[in-house]
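Coordinates in review
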Amino acid sequence: MGGMVADIQSGTRGIWAMLAFKEDWRQHFDVSVDGFVRSFMAVLYALPAFILLIISANHVLPEFSGNPGAQVSLAGALGQYARIWLLFPVIAFMVVNVLGLKGGFSAWVVVHNWAVFVLLHVQALFWLLAAAGIANAQALGLMLALYQILRLMVHWRVAAGTLGLHWGLAAGAACIPLVIDALIVYGLASASGG
C-alpha cells in the first residue's frame, strides 16, 4: 500500500511541477526500465476514477442527450480504458524512432502515464459534478471543451519536457497520438452507427 501511495504522490507532484515549469519536475519520475514498468500501475490506480466517470456519465447521458437509451456499455468502457493506456506507447515508439529520439521513449511514456492518471481524475470530477446536479448540460459541455484544451496543453508539455524538443516540434509529436486516437474513436463511432 505504501508503494502505491508513494508512486501516486510522486507522479502527481511531478505532473503539477512540470505544468508549473519548475526546474526540478524530473526528479519525481523514475524513467529506468523498472520505473517504466511501474508507471503502468497508474492503469490500476486510475481505475476507480474511470469507473466513477462512467457511472456518472451513464447517470446524466440519457437526460442531457434526450436519448433515454444513451449509455456507455461495459464493453465500450473496457475498450475505452484499454485504448487510453495501450495506444499511446505504440504510437510513441513509432514517433521517437522516426524523430531519432529513442532515448526519450521511456521518459515520454512514464510522464504520459502519470499525466493520464491526473487527467482522468479531472474528467471524472466534471462528470461527477453533473451527476450530482451541480453542473447542467451546458456547464458540463463547457467544462469538457475546456478539458480538451487542457488535455492538448498537457500532452504538449509532456512531449516538450521529456523529448527535449523545440515547442513547435513537441506540439507535432504530442498531436500525433491524439489525432490517431481521435480517428480511432471517430471510426469506431461511425462503424457502430453512433
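Quick look at the structure, then. In this text the structure is predicted, and so the values were computed from the model without any measurement.

Okay, the overall build of the protein chain next. When you go through the protein chain residue by residue, the secondary structure sums to eight helices and zero strands. The linear arrangement of helices and strands in the protein chain, starting from the amino end, is α-α-α-α-α-α-α-α. What you see for the protein chain is a C-alpha radius of gyration of 17 Å, in line with the 16 Å of a compact globule of 194 residues. Oriented by its inertia axes, the alpha-carbon framework of the protein chain measures out at about 50 × 40 × 25 Å. Within the protein chain, buried positions represent 42% of all 194 residues. Carbon and sulfur atoms form 71% of the exposed surface of the protein chain, whose accessible area is close to 10300 Å².

What follows deals with the pattern of salt bridges. Applying the stated rule across the entire model yields five salt bridges. When the shortest N-O distance is used, the salt bridge between Arg-38 and Asp-34 registers 2.7 Å. Of the two residues, Arg-38 and Asp-34 both sit in helix H2 (residues 33-39), four residues apart, roughly one turn of that helix. Residue classification places Arg-38 among the partly exposed residues on the basis of a relative accessible area of 31%. Notably, a salt bridge pairs Arg-151 with Asp-181, separated by 3.5 Å at the nearest N-O pair. Of this pair, Arg-151 sits in helix H7 (residues 137-163) while Asp-181 sits in helix H8 (residues 167-191), placing them 30 residues apart in sequence. Each of Asp-7, Asp-30, Asp-34 and Arg-38 takes part in one network of salt bridges that share partners.

This part covers the nonpolar core. Residues Ile-15, Trp-108, Trp-114 and Leu-140 are the most contacted members of the largest nonpolar core, which totals 55 residues. For this core, the secondary structure elements donating two or more residues are helix H1 (2-19), helix H3 (42-45), helix H4 (47-65), helix H5 (74-99), helix H6 (105-131), H7 and H8. In terms of residue count, H6 provides more of this core than any other element does, 16 residues in total. Setting aside residues up to four positions removed in sequence, Ile-15 forms contacts with Phe-29, Val-111, Trp-114, Ala-115 and Val-118.

On to a nonpolar patch on the surface. A grouping of Leu-142, Leu-146, Ile-149 and Met-153 is seen on the molecular surface, where their side chains present a nonpolar patch of about 400 Å² in accessible area. With respect to the helices, strands and loops of the structure, Leu-146 is situated in helix H7.

The next subject is the packing of aromatic side chains. According to the stated counting rule, one finds eleven aromatic pairs in the structure shown. Between Tyr-81 and Trp-85, the aromatic rings sit 6.1 Å apart at their centres with planes inclined by 70 degrees, giving edge-to-face as the arrangement. Of this pair, Tyr-81 and Trp-85 both sit in helix H5, four residues apart, roughly one helical turn. This pair shows no difference in class: Tyr-81 is buried, exactly as Trp-85 is. Clustering of aromatic rings is evident, with ring pairs tying together Phe-36, Phe-40, Phe-93 and Phe-105.

For Ser-56, the location among the structural elements is in helix H4. In this structure Ser-56 comes out as buried when scored by relative accessible area, which is 3%. Setting aside its immediate chain neighbours within four residues, Ser-56 contacts Trp-127, Leu-128 and Ala-131.

A few words on the layout of surface pockets. One number sums up the size of the largest pocket: a volume of about 1200 Å³. Along the walls of the largest pocket sit 34 residues, with Gln-80, Arg-83, Gln-123, Asp-181 and Val-185 positioned nearest its centre. Counting residues per element, the ones that place at least two in the lining of the largest pocket are H4, H5, H6, H7 and H8. Split by residue class, the lining of the largest pocket holds 21 nonpolar, ten polar and three charged.

The rules we used
- Residues numbered from 1 in each chain as written.
- Predicted model: local features only at pLDDT ≥ 70, side-chain atom pairs only at ≥ 80, totals over all residues.
- Heavy atoms only, no water.
- Helix = DSSP H or I, 4+ residues; strand = E, 2+ residues; numbered from the N terminus.
- Rg over C-alpha atoms; globule rule 2.2 N^0.38 Å.
- Buried < 20%, exposed > 50% of the residue type's maximum accessible area, 1.4 Å probe, protein only.
- Areas by Shrake-Rupley, 256 points an atom, 1.4 Å probe, with all protein chains shown as cover.
- Salt bridge = Lys/Arg side-chain N within 4 Å of Asp/Glu carboxyl O.
- Core = buried A, V, L, I, M, F, W, Y, C linked by side-chain atoms within 4.5 Å.
- Contact = heavy atoms within 4.5 Å.
- Patch = residues over 30% accessible without salt bridge, like charges linked within 9 Å, V, L, I, M, F, W, Y side chains within 5 Å.
- Phe/Tyr/Trp six-rings, centres within 6.5 Å; stacked < 30°, edge-to-face > 60°.
- 1 Å grid on protein atoms, 1.4 Å probe; cavity = no way out; pocket = protein on both sides within 12 Å on 5 of 7 lines; lining within 4 Å.
- Points joined across faces, edges and corners; volume = space filled by probe spheres on them.
- Nonpolar A, V, L, I, M, F, W, Y, C, P; charged D, E, K, R; others polar.

Everything listed here is a matter of geometry and, on its own, says nothing about what the molecule does.
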